[in-house]
Amino acid sequence: MGSREVSNQDWQGKRVTVAGLGVSGIPAAKVLHGLGAVVTVVNDGDDERSRAQAAELEAQGITVRLGDGATLPESTELIVTTPGWKPDKPLFTAAAEAGVPVWGDVELAWRLRGLDGREPAPWLAVTGTNGKTTTVRMLASILEAAGLRTAAVGNIGVSLLDAVLGDEKYDVLAVELSSYQLHWAPSLRAHSAAVLNLAPDHLDWHGSMEAYVADKGRIYEGNRVACVYNVAEKATEDLVREADVEEGCRAIGFTLAAPGPSQLGVVDGILVDRAFVANRQKQAQELAEVTDVNPPAPHNIANALAAAALARAFGVEPAAVRDGLRAFRPDPHRIEHVADVAGVAYIDDSKATNTHAAEASLAAYDPIVWIAGGLAKGATFDELVTGAAGRLRGVVLIGHDRALIREALARHAPEVPVVDLDRTDTGAMSEAVREAARLARPGDTVLMAPACASMDMFVNYNKRGEAFAAAVRALAAESD
């Protein structure tokens, strides 16, 4: 889609309902109002914060209905929804019955590209159950190393609406997309896109694993140059096969093994490209060393390969892949090394809020004293424990649903010592670190990869990670 599909004139007097006052709803309402649309914001909540947000919008001439997110406002021609609103909400049922389209903030941003008449920046898009943010930030680092004007956008960094409507002119955008966002983005057509992995998550929102996977697969629709998939997860390749892409678009795999033709992979500690070379049957291009990836854990190397594949699809030279990976620094609480105390490494992976993320983290270390637990969100832990059992020196359990993990350990790793902390106050983390230190031996890794959400004990996973790091630093101070 080269030129813009929507003009200012298209929005004059158009009656648009924005569903939700969230971080994407408020900017969408303001943008649409600025384009001349007649905007009504509906919101389920009617608390003090919502009322303050509503007052700000109403002062600009935007109608806001609090405490009534179920009723479709009269004469609505379009709904723009925040990502968190479930598809089965009565508002959307009413919209379907009335023939009213529903867009998400990503769809709105896509439709508004090039509003100023400039050629829109292509999108390199990433989704997956885990690793999206890291991969998109790696990709942006590589693109910057290539001298391109870019930004990490979507779920992170610059908002998509700001990126497509702001004064900054970008050459290309690195876009993180959740399954929620993809569900409401029917016309999105990326330059190239990647699905990193697929594991059960957000099933309460999507209704089934099949619906969740189908929404992830939307990212490949209409791709122009490359559909990047995970060789280790056939389901991601299946999504590529099912996608309706532009003629000439290629399927590009990434693997931690030696790559075949049209793949990126690893050979003798080197990240290599057998996809974007003149003779992929016989040639391979060195991109970077495994040690250029920070940290060089297996799942993070996979993230780097996916980012490299998207960058190479955009024409980036090999040296920029290496330089971009070297320059990249991971966000806090993602397999972050906190300290070494008495010969034991302490790793904060508080971002491992589901079993799939924890599995990847546990695979990176051996032997491990594992700190786990929190809100399970309906997850089961048998497969996770079975895979990690041979690496576990001991386990310290915290949080509301720790019994689920304890029971899985009793079934599949009965010989592993388990400390069950029967407390959910924030001070439990300090005790957990002390118990882990007691179980650990020099050369071990104490890994806080909870496999659960944090909200039973902490505001978010960041606060949980900060509590862990503070407890480790206190332990280090005592041992000095």
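Quick caveat, the model's predicted, so the values are computed rather than measured. Throughout this document, residue positions are counted from 1 along each chain, in the order its sequence is written. Predicted model: local features are reported for residues with pLDDT of at least 70 only, side-chain atom pairs are reported and counted for 80 or more only, and whole-chain, interface and lining totals are derived from all residues. Note that the side-chain values use all heavy atoms of the structure and ignore hydrogens as well as water.

(A) Spotlight on helix α17 (residues 428-439). For α17, which comprises 12 residues, the first-to-last C-alpha distance of 17 Å matches the rise-based estimate of 16 Å (1.5 Å per residue) to within 8%. When we look at burial in α17, the residues that qualify are Ala428, Met429, Ala432, Val433, Glu435, Ala436 and Leu439. Looking straight down α17, one finds its buried side chains confined to an arc of 165°; they lie on one side. Here a residue-residue contact requires only that any non-hydrogen atoms of the pair lie within 4.5 Å. Helix and strand assignments come from DSSP, with helices taken as H or I runs of at least 4 residues and strands as E runs of at least 2, each series counted from the N terminus. Packed against the buried residues of α17 are β16 (344-348), β17 (368-372), β18 (392-397), β19 (418-420), β20 (445-448) and α18 (461-479). Each helix should span, by expectation, one fewer than its residue count multiplied by 1.5 Å. Think of it in three bands: residues with accessible area under 20% of the maximum for their type are buried, residues over 50% are exposed, and the middle band is partly exposed, with areas taken using a 1.4 Å probe on protein chains only. The arc refers to the directions leading from the helix axis to the C-beta atoms.

(B) Seen up close, the packing of aromatic side chains. Centre distance within 6.5 Å is the pairing criterion for rings of Phe, Tyr and Trp, where only the six-membered ring of Trp is used; planes under 30 degrees apart are then read as stacked, over 60 as edge-to-face, and the remainder as tilted. Tallied over the full model, the rule gives 4 aromatic pairs. Here the aromatic rings of Phe92 and Trp184 are separated by 4.8 Å at their centres, their planes lie at 50°, and the arrangement is tilted. Taken as a pair, Phe92 in helix α4 (residues 90-98) and Trp184 in the loop between α8 (179-183) and β9 (192-195) lie far apart in primary sequence, 92 residues in all. Both residues of the pair, Phe92 and Trp184, belong to the buried class.

(C) Structural view of the pairing of strand β8 (residues 173-176). Side chains Leu173 and Val175 project from β8 onto one buried face, and the interleaved Ala174 and Glu176 project onto a second face that is buried too. Strands pair, by our definition, only if DSSP identifies at least two bridges between them. Across 4 bridges, the pairing between strand β6 (residues 123-127) and β8 is parallel. For Leu124, the partnering residue across the bridge sits in β8 and is Ala174. Sheet topology places strand β7 (residues 152-154) next to β8; 3 bridges connect them, and they run parallel. Bridging across to β8, Gly154 finds its partner in Glu176.

(D) Local environment of the packing of helix α6 (residues 132-145) against helix α12 (residues 298-313). The interhelical angle for the contact between α6 and α12, taken along N-to-C directions, is 45°, at an axis separation of 8 Å. Taken together, the axis directions place α6 and α12 in an arrangement best described as oblique. Seen from above, α6 lies across α12 with right-handed handedness. Packed against α6, whose contacting residues are Thr134, Thr135, Met138, Leu139 and Ile142, the element α12 presents Asn300, Asn303, Ala304, Ala306, Ala307, Ala308, Leu310 and Ala311 at the interface. Here the contact of α6 with α12 is built from residues that sort into 9 nonpolar, 4 polar and no charged. For helices, the axis comes from a line fit to the C-alpha atoms of the stretch in contact; other axes are also lines fit to C-alpha atoms, and the angle between any two N-to-C directions lies between 0 and 180 degrees. For classification purposes, an angle smaller than 35 degrees is called roughly parallel, one larger than 145 roughly antiparallel, one from 65 to 115 roughly perpendicular, and anything else oblique. For a crossing to be left-handed, the near helix must be turned anticlockwise from the far one by less than a right angle; the clockwise case is right-handed. Side-chain classes follow a simple rule in which Ala, Val, Leu, Ile, Met, Phe, Trp, Tyr, Cys and Pro form the nonpolar group, Asp, Glu, Lys and Arg form the charged group, and the remainder, Gly included, forms the polar group.

(E) Expanded view of the nonpolar core. Residues belong to a common nonpolar core when they are buried Ala, Val, Leu, Ile, Met, Phe, Trp, Tyr or Cys residues joined through side-chain atoms within 4.5 Å. Trp11, Leu32, Val41, Leu108, Trp123, Leu173 and Tyr220 are the most contacted members of the largest nonpolar core, which has 54 residues in total. The leading source of residues in this core is helix α5 (residues 105-112), at 5 residues. Grouped together as the second largest cluster of nonpolar side chains are 43 residues, Leu287, Leu305, Val316 and Leu325 included.

(F) Summary view of empty space enclosed by the protein. Lining residues are defined by having an atom within 4 Å of a point belonging to a cavity or pocket. Those points lie on a 1 Å grid over the protein atoms alone, cavities being sets where a 1.4 Å probe fits but cannot get out and pockets being open sets with protein on both sides within 12 Å along at least five of seven lines. Grid points are joined across faces, edges and corners, and a volume is the space filled by probe spheres set on the points. Applying the stated criterion across every chain, the model contains 1 cavity of 30 Å³ or more. Looking at the largest cavity, its volume works out to about 170 Å³. Arg118, Pro120, Ala121, Ala163 and Val164 are the residues nearest the centre of the largest cavity, which is lined by 15 residues in total. Of the residues in the lining of the largest cavity, the class split is 7 nonpolar, 2 polar and 6 charged.

(G) Here's a closer look at the layout of surface pockets. There is about 380 Å³ of room inside the second largest pocket. Grouping the constituent residues of the lining of the second largest pocket by class yields 6 nonpolar, 9 polar and 1 charged.

(H) Structural detail: the environment of Arg65. Counting through the fold element by element, Arg65 comes out in strand β3 (residues 63-66). Spatially, the C-alpha atom of Arg65 lies 55 Å from that of Pro259, the residues being 194 residues apart in sequence. In contact with Arg65, not counting residues within four places along its chain, are Thr40, Val41, Val42, Asn43, Thr71 and Pro73. Polar contacts here mean pairs of N or O atoms no more than 3.5 Å apart (in protein, one a potential hydrogen donor and the other a potential acceptor; neighbouring residues in sequence count only if both atoms are side-chain atoms). A distance of 3.4 Å separates a polar atom in the side chain of Arg65 from a polar atom in the side chain of Asp68.

(I) Geometry of the pattern of salt bridges. Salt bridge, as used here: a side-chain nitrogen of Lys or Arg that lies within 4 Å of a carboxyl oxygen of Asp or Glu. Inspection of the entire model under this criterion finds 22 salt bridges. Measuring nitrogen to oxygen at the nearest pair gives 2.7 Å for the salt bridge that ties Glu107 to Arg111. Pair noted here: Glu107 and Arg111 are both in helix α5, with a separation of 4 residues, about one helical turn. Residue class for Glu107 comes out buried when judged on its relative accessible area of 0%. Arg322 serves as the salt-bridge partner of Asp323, at 3.0 Å between the closest nitrogen and oxygen. Taking the relative accessible area as the measure of exposure, Asp323 reaches 33% and is therefore partly exposed. A single network of salt bridges, built from pairs that share partners, joins Arg402, Arg406, Asp420 and Asp422.

(J) Quick look at the sheet that holds strand β14 (residues 285-289). Spatially, 9 strands are ordered β7-β8-β6-β9-β10-β11-β12-β13-β14 in an open sheet, and the strand pairing comes out mixed. Looking at the sheet topology across the chains shown, the edges are occupied by β7 and β14. Each neighbouring strand pair of the sheet contributes to a mean axis angle of 25°, computed without reference to strand direction. Judged from the 4 bridges that link them, strand β13 (residues 270-273) and β14 form a sheet pairing that is antiparallel. The residue bridging Val272 from the neighbouring strand is Glu286, located in β14. Helix α13 (residues 318-327) contacts β13 and β14 of the sheet and is inclined by roughly 10° relative to β14.

(K) Structural view of the pairing of strand β15 (residues 336-341). With 5 bridges joining them, β15 and β16 adopt antiparallel strand pairing. Across the sheet, the residue bridging to His337 is Ile347, located in β16.

(L) Molecular detail of α6. Spanning 14 residues, α6 covers 20 Å between terminal C-alpha atoms, matching the ideal 20 Å at 1.5 Å per step. With 11 of 14 residues buried, α6 lies mostly within the body of the structure. Listing the buried residues of α6 in full gives Lys132, Thr133, Thr134, Thr135, Val136, Met138, Leu139, Ala140, Ser141, Ile142 and Leu143. Once α6 finishes, Gly147 follows within two positions and takes phi at roughly 85°, a positive value.

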